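Spelled out, the chains give:
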Amino acid sequence: MNKPKLLPRRLILPFVLVTTLFFAWGFANDITNPMVKAFSKIFRMSVADGALVQLAFYGGYFAMAFPAALFIRKYSYKTGILFGLTLYAGGALLFIPASMTGMYYPFLIAYFILTCGLSFLETSSNPYILSMGPEETATRRLNLAQAFNPIGSLLGMFTAMYFIQARLNPMSTDERALLSDAEFEAVKAADLGVLIAPYVTIGIVILFLSLIIYFIPMPRNADSDHTLNLGKVLKRIVAIPRYREGVIAQFFYVGVQIMCWTFIIQYGTRIFVEQGMGEQEAEVLSQRYNMAAMGIFCVSRFICTFLLKFFRPGKLLMALAILGVILTVGVITLHDIRGLYCLVAVSACMSLMFPTIYGIALQGLGDDAKFGAAGLIMAILGGSVMPPLQALIIDRGTVMDMPAVNVSFVLPLICFVVIAVYGYRSFKFFGK
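Residues numbered from 1 in each chain as written. Predicted model: local features only at pLDDT ≥ 70, side-chain atom pairs only at ≥ 80, totals over all residues. Heavy atoms only, no water.

Peer 1: Can you walk me through the overall build of the protein chain in this structure?
Peer 2: Helix and strand content of the protein chain: 22 helices and 2 strands. The C-alpha radius of gyration computed for the protein chain amounts to 21 Å, which stays within 12% of the reference 22 Å derived for 432 residues, consistent with globular compactness. Seen through its C-alpha atoms, the protein chain measures out along the principal axes to roughly 70 × 45 × 35 Å. Looking at the protein chain as a whole, 60% of its 432 residues are labelled buried. Of the contacts made within the protein chain by residues no fewer than 6 positions apart, 85% connect residues no fewer than 24 positions apart. A total accessible area of about 16,500 Å² is found for the protein chain, and carbon and sulfur atoms account for 69% of it. (Helix = DSSP H or I, 4+ residues; strand = E, 2+ residues; numbered from the N terminus. Rg over C-alpha atoms; globule rule 2.2 N^0.38 Å. Buried < 20%, exposed > 50% of the residue type's maximum accessible area, 1.4 Å probe, protein only. Contact = heavy atoms within 4.5 Å. Areas by Shrake-Rupley, 256 points an atom, 1.4 Å probe, with all protein chains shown as cover.)

Peer 1: Whenever I open this one, the pattern of salt bridges confuses me. Can you help?
Peer 2: Pairing between side chains becomes possible if they bear opposite charge and their charged atoms approach one another. Counted under the stated rule, the structure contains 6 salt bridges. With its nearest N and O atoms 2.6 Å apart, the salt bridge here joins Glu245 to Arg425. Note that Glu245 is positioned in helix 13 (residues 241–262) and Arg425 in helix 22 (residues 410–428), a separation of 180 residues in sequence. Take Glu245: its relative accessible area is 18%, and that puts it in the buried class. According to the relative accessible area criterion, Arg425 is partly exposed, its value standing at 27%. (Salt bridge = Lys/Arg side-chain N within 4 Å of Asp/Glu carboxyl O.)

Peer 1: Honestly, helix 19 (residues 369–378) in this entry has me stumped. Any pointers?
Peer 2: For helix 19, the tally of buried residues reaches 10 of 10 residues, placing the bulk of the element in the interior. Burial in helix 19 covers these residues: Ala369, Lys370, Phe371, Gly372, Ala373, Ala374, Gly375, Leu376, Ile377 and Met378.

Peer 1: Please clarify how a nonpolar patch on the surface should be interpreted in this entry.
Peer 2: Side chains of Ile204, Phe208, Leu211, Tyr214 and Phe215 sit close together on the surface and give an oily, nonpolar patch of about 590 Å² of accessible area. Within the fold, Phe215 resides in helix 11 (residues 181–215). (Patch = residues over 30% accessible without salt bridge, like charges linked within 9 Å, V, L, I, M, F, W, Y side chains within 5 Å.)

Peer 1: Even after reading the chapter, I still don't get the side chain of Gln146, so can you show me in this structure?
Peer 2: Relative to the helices and strands, Gln146 resides in helix 8 (residues 138–146). If sequence neighbours within four positions are ignored, Gln146 has contacts with Phe22, Trp25, Asn126, Arg301, Phe354 and Pro355.

Peer 1: What should I look at first to understand unusual backbone geometry in this one?
Peer 2: What you tend to see is this: most non-glycine residues have negative phi, and most peptide bonds are trans. Residues other than glycine seldom take positive phi values, yet Met400 does so here, at roughly 55 degrees. In this fold, Met400 is placed in the loop between strand 1 (398–399) and strand 2 (402–403). The phi dihedral of Asp401 is positive, around 60 degrees, even though this residue is not glycine. Here Asp401 shows up in the loop between strand 1 and strand 2.

Peer 1: How should I be thinking about helix 17 (residues 337–350) in this particular structure?
Peer 2: Each α-helix winds once per 3.6 residues, and so residues spaced three or four apart point in a common direction. The end-to-end C-alpha distance of helix 17, which contains 14 residues, comes to 21 Å, matching closely the 20 Å that a straight helix rising 1.5 Å per residue would cover. On its buried face, helix 17 sits against helix 13, helix 14 (264–274), helix 15 (279–307), helix 16 (313–333), helix 18 (353–362) and helix 22. (Expected span 1.5 Å × (residues − 1).)

Peer 1: How do you make sense of the packing of helix 8 against helix 18 when you look at a structure like this?
Peer 2: In a packed pair of helices, the relevant descriptors are the angle between the two axes and the axis-to-axis distance. At a closest axis distance of 9 Å, the pairing of helix 8 and helix 18 adopts a crossing angle of 150 degrees. The angle between helix 8 and helix 18 places the two elements in the roughly antiparallel class. Crossing of helix 8 over helix 18 shows right-handed handedness. Of the residues in helix 18, those in contact with Thr139, Leu142, Asn143 and Gln146 of helix 8 are Phe354, Pro355, Thr356, Tyr358, Gly359 and Ile360. Residues of the contact of helix 8 with helix 18, tallied by class, amount to 5 nonpolar, 5 polar and no charged. (Axes fitted to C-alpha atoms, helices over the stretch in contact; angles between N-to-C directions. Parallel < 35°, antiparallel > 145°, perpendicular 65-115°, else oblique. Left-handed = near helix turned anticlockwise from the far one by under 90°. Nonpolar A, V, L, I, M, F, W, Y, C, P; charged D, E, K, R; others polar.)

Have a look at this one:
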């Protein structure tokens, strides 16, 4: 008996173009994570105030997911992708007027608009990839497309480190606090000029990408039903435990991903400063560890895509979540470089999780997958809610005679436990 194909030959070009979008939003996600620290320094704010970047960023995903699903249901996956690219480019280019104001909140508006575009892209692209071939290979196909997401993330991290963090004024947070108002404004203006350049560049690139996709014919997989019976569809899909619990698991997964990749900077900086390193040098070195984590994540995703040929998705998901729990215990209890190594290694566990939870949750939904995808994209709100909570713990400095940044990783540990339970239920009760 022949195994079902991963992808029909006629869909290779559309698959490649849609996979390019996974790269594009990976770049946006991971050039942004280090900006929590950058904005905190530029505007002389607390870590919690800087974490509002994540609230605005992932809040856009949450706010636009169901409007995106309605839009895609009424028109098509391709139209949803083009509209998402337009919002992505528009939000990135809004960094120009935001920098002119010299204020923090216009940047949050720009981030929100940018991620409304990303919400359209993810709500469109994930189920579109699932529809490009046999259902038996859908989870593998999505894992393959998602494997290019961390490559974009690596480029985003590289850009953040070498084109933003390394070029900001080297004065520490404490030194900036001693500046006069005039001196502070001059330093802030120069730093904002450095910060916006990569965003403006990616905005222009995204506009060109949207033109390419506009002129290329794309298949209309699962685009036959354009009725908007949202209430009936939601009632139908929420009644499915595999889907309902998948949304919860995805909320906690995105939360753990963003926490680990955002606060590795604070975690590493504390260790390296205690070793006698300057603050900016410690931040740049911590970002290199973040890039190493992303490299491990990228390689692990390709490995996991291969392993899915031999292991049930739910079992592999559970095993990696349990390993994530063990490593996070090391992150909390080890206060030296070994804890940082554990934090880097956590990324190997996370690589499988997003597309696998996605694939399990949407299995068998057919055209309802457009609205099902919206619920899973709304679950990205976890990346908006969890980091500010962790930042509040970090701002305390010390908790129970332990570095607060270490204690704060109790939140990621809880997230991994929830994911492990979903993985167990997936193969035990949902047949995946």
